[in-house]
Amino acid sequence: MTRKLFWEDMYLREFTARVERNEGDAVVLDQTAFNPRGGGLVSDTGTVQGARVVEVTKEGEEILHRIEPPTTFKPGDLVSGTLDWERRHRIMRMHTTAHILSSVVNRETGALITGNQISPEESRVDFNLESFDKEKMSAYIDSVNKAASRGLDVRTYFMKRDEAMAVPGLVKLAKAAPPTLDVLRIVEIGDVDTQADGGVHVKNTSEIGTVVGLRTENKGKSNRRMYFTVR
Ligand SMILES: [Zn+2]
């Protein structure tokens, strides 16, 4: 089981760890600040002991760091890890934005998210909406910018699954979590959004900057995709 340092401190950029084992060109550490791919987020990149980390994935309770070959790590080695921080911080800004956006659209239309992809350059969220256009998108983006500029604190905490299931709004998302989890991580963005979520976020929405709507796409009869970025 890899200790998730990114849950304890989402601003940790450097850390030391022990090598547990190699798996192909991937290395498993006893703890890591690298957030793995998942929940729509692309993974962090960076270096472990100077070697390039090209992708990070989660398998069960282990986190695998795929290293640009050749890998020379041995179990027991003490190594230092460094994140590509600018990229990670953009992912955090984009991710918190996606939560605010989904809350805004849900409040206005009742639509739910059917998919998302959070990347450093541009991100997208899919909604189960039938009616959607450029004007609506810019109205939603305006609301997101208004909310973000209020400087809302982002809090994370853990909740027993049973308790989380009893909170309206968390329930539908909690159901999507693996049934083996009896404790869920909750992310609360001021008074705007509260969700069960495993990803990395900024600690205050003032770090988001300006959200810009890029374009929309129709992905089927009742599926609308919105692309955005942060500047
Ligand atoms: Zn999320």
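Residues numbered from 1 in each chain as written. Predicted model: local features only at pLDDT ≥ 70, side-chain atom pairs only at ≥ 80, totals over all residues. Heavy atoms only, no water.

Asks: Whenever I open this one, the sheet that holds strand S2 (residues 14–23) confuses me. Can you help?
Replies: Hydrogen bonds between backbone atoms are what pair the strands of a sheet, whose relative direction is either parallel or antiparallel. Pairing is antiparallel in the closed barrel, where 6 strands are placed in the order S2-S3-S7-S6-S5-S8. The sheet shows a mean angle of 45° between the axes of neighbouring strands, direction not considered. Bridge count between strand S5 (residues 46–48) and strand S8 (residues 78–83): 3 bridges; the pairing is antiparallel. If you follow glycine 46 over to S8, its bridge partner there is leucine 83. (Pairing = 2+ DSSP bridges. Helix = DSSP H or I, 4+ residues; strand = E, 2+ residues; numbered from the N terminus. Axes fitted to C-alpha atoms, helices over the stretch in contact; angles between N-to-C directions.)

Asks: When you look at the nonpolar core in this model, what are you seeing that I'm missing?
Replies: Counting residues in hydrophobic clusters, the biggest one holds 54 residues, and the most contacted among them are Leu101 and Met226. Setting aside chain neighbours within four positions, we find methionine 226 in contact with Leu101, Val105, Ser123, Arg124, Val125, Phe127, Phe132, Met137, Tyr140, Ile141, Arg215 and Thr216. Ala164, Leu170, Leu184 and Ile186 belong to the second-largest nonpolar core, a separate cluster that totals 6 residues. (Core = buried A, V, L, I, M, F, W, Y, C linked by side-chain atoms within 4.5 Å. Buried < 20%, exposed > 50% of the residue type's maximum accessible area, 1.4 Å probe, protein only. Contact = heavy atoms within 4.5 Å.)

Asks: Before we go on, may I ask you to explain the coordination of the zinc ion in this structure?
Replies: Within the protein, His95 (NE2), His99 (NE2) and Asp197 (OD) serve as the donor atoms for the zinc ion, at 2.0 to 2.1 Å. Look at where the donors of the zinc ion fall in the sequence and you get H-x3-H-x97-D. Remark: aspartate 197 occurs in the loop between strand S13 (193–196) and strand S14 (211–218) and histidine 99 occurs in helix H2 (residues 85–109); sequence separation between them is 98 residues. A relative accessible area of 5% places histidine 99 in the buried class. (Donors = N, O, S within 2.8 Å, 3.2 Å for Na, K, Ca; no water.)

Asks: In this structure, what is going on with the side chain of threonine 57? I would like to understand it.
Replies: Its location among the elements puts threonine 57 in strand S6 (residues 51–59). Not counting residues up to four positions away in its chain, the partners in contact with threonine 57 are Pro36, Arg37, Glu62, Ile63 and Leu64.

Asks: Would you mind going over the pattern of salt bridges with me for this structure?
Replies: Once their charged atoms are close, side chains differing in charge can pair, the charge on each being opposite to the other. Throughout the structure, instances matching the rule amount to 14 salt bridges. Put simply, lysine 221 and glutamate 130 hold a salt bridge, and the shortest N to O gap is 3.2 Å. Of this pair, lysine 221 sits in the loop between S14 and strand S15 (224–230) while glutamate 130 sits in the loop between strand S10 (123–127) and helix H3 (134–148); the two residues are 91 residues apart in sequence, bridging distant segments of the chain. Residue lysine 221 shares its accessibility class with glutamate 130, and that shared class is exposed. Across the pair arginine 155 and glutamate 188 runs a salt bridge, and its minimum N-O distance is 3.4 Å. Placement of the pair is arginine 155 in strand S11 (residues 154–160) and glutamate 188 in strand S12 (residues 183–189), with a sequence separation of 33 residues. (Salt bridge = Lys/Arg side-chain N within 4 Å of Asp/Glu carboxyl O.)

Asks: Sorry, what's going on with the sheet that holds S14 here?
Replies: Reading across the sheet, the 4 strands line up as S9-S10-S15-S14 and stay open at both edges, with antiparallel pairing between neighbours. The outermost strands of the open sheet, each flanked by one partner alone, are strand S9 (113–117) and S14. The mean angle between the axes of side-by-side strands here comes to 20°, regardless of whether they run parallel or antiparallel. Note that S14 and S15 share 7 bridges and pair antiparallel. When the sheet's bridge partners are listed, arginine 215 is paired in S15 with tyrosine 227. Strand contacts of H2: S9, S10, S14 and S15, with the helix running at about 140° to S15, the strand carrying the most contacts. Set on the sheet, H3 makes contact with S14 and S15; between it and S14 the angle comes to about 145°.

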